[in-house]
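# Examining the three-dimensional arrangement
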Protein chains: 2
Amino acid sequence: MMRLGVLGGGQLGRMLLQKAADYPLHVHVLDPDPEAPCRPLCSHFVCGDFRDAPTVEAFAKGCDTLTIEIENVSLPALQRLHEKGLRIIPEPEALEHITDKGLQKQLYQRLGLPTAPFVLAETATEARKAAEEGFVFQKLRRSGYDGYGVRDLSQEPTPLEGPSVMEQKIRRAAELAVMAARDAHGRVVTYPAVEMVFHPQVHRLQYQICPCGLDPQVEQQARQMAAALIESLRITGILAVEFILDQEGRLWVNECAPRPHNSGHHTIEAFDISQFDMLLRIALGLPIREPLMRSPSAMVNILGAPQASGIPDYESFLLMVTREQVFVHVYGKARVKPLRKMGHITLLHPDSHILRKKAAEWSEKAYIQALPDN
Amino acid sequence: MMRLGVLGGGQLGRMLLQKAADYPLHVHVLDPDPEAPCRPLCSHFVCGDFRDAPTVEAFAKGCDTLTIEIENVSLPALQRLHEKGLRIIPEPEALEHITDKGLQKQLYQRLGLPTAPFVLAETATEARKAAEEGFVFQKLRRSGYDGYGVRDLSQEPTPLEGPSVMEQKIRRAAELAVMAARDAHGRVVTYPAVEMVFHPQVHRLQYQICPCGLDPQVEQQARQMAAALIESLRITGILAVEFILDQEGRLWVNECAPRPHNSGHHTIEAFDISQFDMLLRIALGLPIREPLMRSPSAMVNILGAPQASGIPDYESFLLMVTREQVFVHVYGKARVKPLRKMGHITLLHPDSHILRKKAAEWSEKAYIQALPDN
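Residues numbered from 1 in each chain as written. Chains lettered and ligands numbered in written order. Predicted model: local features only at pLDDT ≥ 70, side-chain atom pairs only at ≥ 80, totals over all residues. Heavy atoms only, no water.

Residues and elements named next belong to chain A. One way to put it is that helix 2 (residues 53-60) packs onto helix 3 (residues 75-83) with a least axis distance of 8 Å and a crossing angle of 35 degrees. Between helix 2 and helix 3 the crossing geometry is right-handed. Along the contact surface, helix 2 presents A53, V56, E57 and A60, while helix 3 presents A77, L78, R80 and L81. Taken together, the residues of the contact of helix 2 with helix 3 sort by class into six nonpolar, no polar and two charged. (Axes fitted to C-alpha atoms, helices over the stretch in contact; angles between N-to-C directions. Helix = DSSP H or I, 4+ residues; strand = E, 2+ residues; numbered from the N terminus. Left-handed = near helix turned anticlockwise from the far one by under 90°. Contact = heavy atoms within 4.5 Å. Nonpolar A, V, L, I, M, F, W, Y, C, P; charged D, E, K, R; others polar.)

The structure is reproduced here in structure tokens:
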């Protein structure tokens, strides 16, 4: 049986492992956290730093194929392993272009994909200067994800330290994401676009909905761009591409991630092939096909309550949620922190108005509290 | 987080573990096979015999709740643990009535549930005598499952050795199964009945289909009987009840199993709450609700090919199956044997005629071959 190594052991890896059990696969996981969500679900867990080259190279010895569930892994290790002939999903060359947001932007430019105008800044001083010229939106070139390492200098004038991409702000009408997949034979498929709906008061995802409620032509365009991007990068694997739709109806590529992605959680219930299944089929060398939508769906993150810190009170949340017709995924984290992603729920309904209404309602109550200290 | 112990580490446990990862749970598994399908997917695996009382009692020390995925576990151990206050799903008293097929038949009789007329035989001599009186169908009182330990003495006159139930043969028109569930608050729900369709030539399950194609009144009756049975047994947990429908349209309870069951595999994709999810909700002490059918479905077992013995050739099977719109579950067994259950596929389609046709077709090709020796 194939031994698949995964760099990173978080919730994305955990959902990958849940699906991997449907295939003849041994899955090995590398993560620095001894309590990583993947630990109890894999054949073999190595506690170590995936950013450290020797650690990654030692870990890879036991694997036939390597993949990632987080981008900031040791690229030099992956490059050496790839040269030695190890299958790596996605290929290190593509990963190199993606993990550095400066190279990522230059790639979009080179491919002729529309992306917000930008300049690169080496230092905070250069960033401040770029902001004065209208490039007010700062993204650290090498940063985390989920809104870390970004700053809007028109709101908060002190720049972050470090090399960054300085972008002009696009006047957003909506945000979309498309998941693309490409198998070892070069066949590309895309999932229908997801619309990310943000909370009107706080800048935070309220829910995601699929299909998106936008002009079918816009959606088609987004899917074509995602397909073009995965083709150009020659990635074997999956690629989540995020777009901004501006107030004039134009699409802009925002960023991409060559791994399972939060914007694809709904695919577990809403498609016959989930994003995790798609990645596993590619890892197994199987030819892929168009995923079939089983139902319109919405996804709401379950977050740590704004004041919650400590041992999570899962019970009262589960009591509420299991009464309703929703699909629950609690990631089993041992501690809750304010706004930490603790899980997600998926709603299915044929009517998109009802879906939106229900999703907005759930977003008000999808919080995990902490148990009282005693 | 709750620590749930599972006695038995086969494919049913494996599918339970896949779902358990959606809840805040640590799952511990006890199985004598160091290569048990559950091993790579649980927090804690103990290699040991679940039929051995001291082993079970030692294993239980680390658990808050204990459940089973196979019936022939140490009942004395469960009884002692239950007396000491450990939560056990199902309760040992119910298990006692089910693991002995003689007690099981007497229970149906006592509850007034229709079941094939029977006598009990202690020895092969008594069995032969019973057969002469028309009770030709022999079932060992304590035996395995899936057709082991049963013999039709009208076909093969030498009885099996050991205490057995001797039944009159029912002239079957169809076979059904109903999954019932009962939570800690006493609420009972049932799933729609499944029809088991047998191959016209070989006596082997060809496919299962849900909803069953039978008279709605018959189905309702089967669901009511399953509900009555789980109520009477006062089981906290789930109970699969198998029925025979005779040629006069009457239902007979055939047997039952207080655990996840082959007849409930389709619930993973076809219902919003699968049989595994239902059991987990009960284990977590959550109130249960009616499961919602998402689509009509059929289930086909993937078997070892009749001559196959050795290392399974999963690749050629997966190449065939992933092209089609089916949901595949390969249990990841390291060796294939003739007719061994290697996995299953689930088909979804709104039209039951198409489902039946496709399921029958799949049953002709859902075989795993062995790789050539070399």
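Moving on, we get to the relation of the copies chain B and chain A. Each copy superposes on the other: chain B lies on chain A with an RMSD of 0.0 Å after a rotation of 180 degrees and an axial shift of 0.0 Å. Classification of the inter-copy transformation places it as that of a two-fold axis. The C-alpha atom lying nearest the rotation axis in chain B is that of B:L41; the distance is 2.0 Å. Residue by residue, 100% of the interface of chain B is reproduced at the interface of chain A, so both copies engage with the same surface. (Least-squares fit on C-alpha atoms with pLDDT ≥ 70 in both.)

With 66 residues, the main nonpolar core has A:L25, A:M278, B:L318 and B:V328 as its most contacted residues. With six residues, the single largest contributor to this core is helix 9 (residues 275-283) of chain A. Residues in contact with B:V328, not counting those within four places in the same chain, are A:K19, A:D22, B:I302, B:F317, B:L318, B:V321, B:H344 and B:I345. Grouped together as the second largest cluster of nonpolar side chains are 64 residues, B:V6, B:V29, B:A181 and B:L284 included. (Core = buried A, V, L, I, M, F, W, Y, C linked by side-chain atoms within 4.5 Å. Buried < 20%, exposed > 50% of the residue type's maximum accessible area, 1.4 Å probe, protein only.)

Our next topic: the interface of chain B and chain A. Of the residues lining the interface, 35 residues belong to chain B; the matching set on chain A comes to 35 residues. Three residues, B:D22, B:R294 and B:T322, lead the burial of chain B against chain A; their summed loss comes to 17% of the area buried on that side. At the surface where chain B touches chain A, the tally comes to zero salt bridges. Here chain B and chain A share 21 residue pairs in polar contact (both at pLDDT 80 or more) between them. Put simply, the parts of the chain that give the side of chain B that touches chain A at least two residues each are helix 1 (11-20), helix 10 (314-321) and strand 17 (327-330) of chain B. A breakdown of the residues in the side of chain B that touches chain A according to their chemical character gives 19 nonpolar, six polar and ten charged. (Buried area = accessible area lost by both parts, 1.4 Å probe. Salt bridge = Lys/Arg side-chain N within 4 Å of Asp/Glu carboxyl O. Polar contact = N/O pair within 3.5 Å; in protein donor to acceptor, adjacent residues only side chain to side chain.)

Residues and elements named next belong to chain B. Strand order in this open sheet of five strands is 3-2-1-4-5, and the pairing throughout is parallel. Two strands close off the open sheet at either side, each with one partner strand: strand 3 (44-47) and strand 5 (87-89). Neighbour-to-neighbour, the strand axes of this sheet turn through a mean angle of 20 degrees, independent of strand direction. Packed on one face of the sheet, helix 2 (residues 53-60) meets strand 1 (2-7), strand 2 (25-31), strand 3 and strand 4 (65-68) and runs near 165 degrees to strand 2. (Pairing = 2+ DSSP bridges.)

Below, the discussion takes up unusual backbone geometry. Glycine aside, residues mostly have negative phi, and peptide bonds are mostly found in the trans state. With an omega of 0 degrees, the peptide bond running from A:I89 to A:P90 counts as cis. Relative to the assigned elements, A:P90 resides in the loop between strand 5 (87-89) and helix 4 (92-99). Unlike most non-glycine residues, B:R234 shows phi in positive territory, near 50 degrees. By the element assignment, B:R234 lies in the loop between helix 7 (216-233) and strand 14 (237-246). Exposure remark for B:R234: the relative accessible area of 56% places this residue in the exposed category.

So, on to the confidence of the model for chain A. For chain A, per-residue confidence averages 95 on the pLDDT scale, and 99% of positions sit at 70 or higher. Across the whole predicted complex the pTM is 0.95, and at the interface the ipTM reaches 0.94. (pLDDT = per-residue confidence, 0-100.)

With that settled, consider the side chain of B:H199. Residues and elements named next belong to chain B. Looking at the element boundaries, H199 is found in the loop between strand 12 (194-198) and strand 13 (205-210). One polar contact links H199 to E364, side chain to side chain, over a distance of 3.4 Å. The contact partners of H199, leaving out residues within four places of it in the chain, are R204, Q206 and E364.

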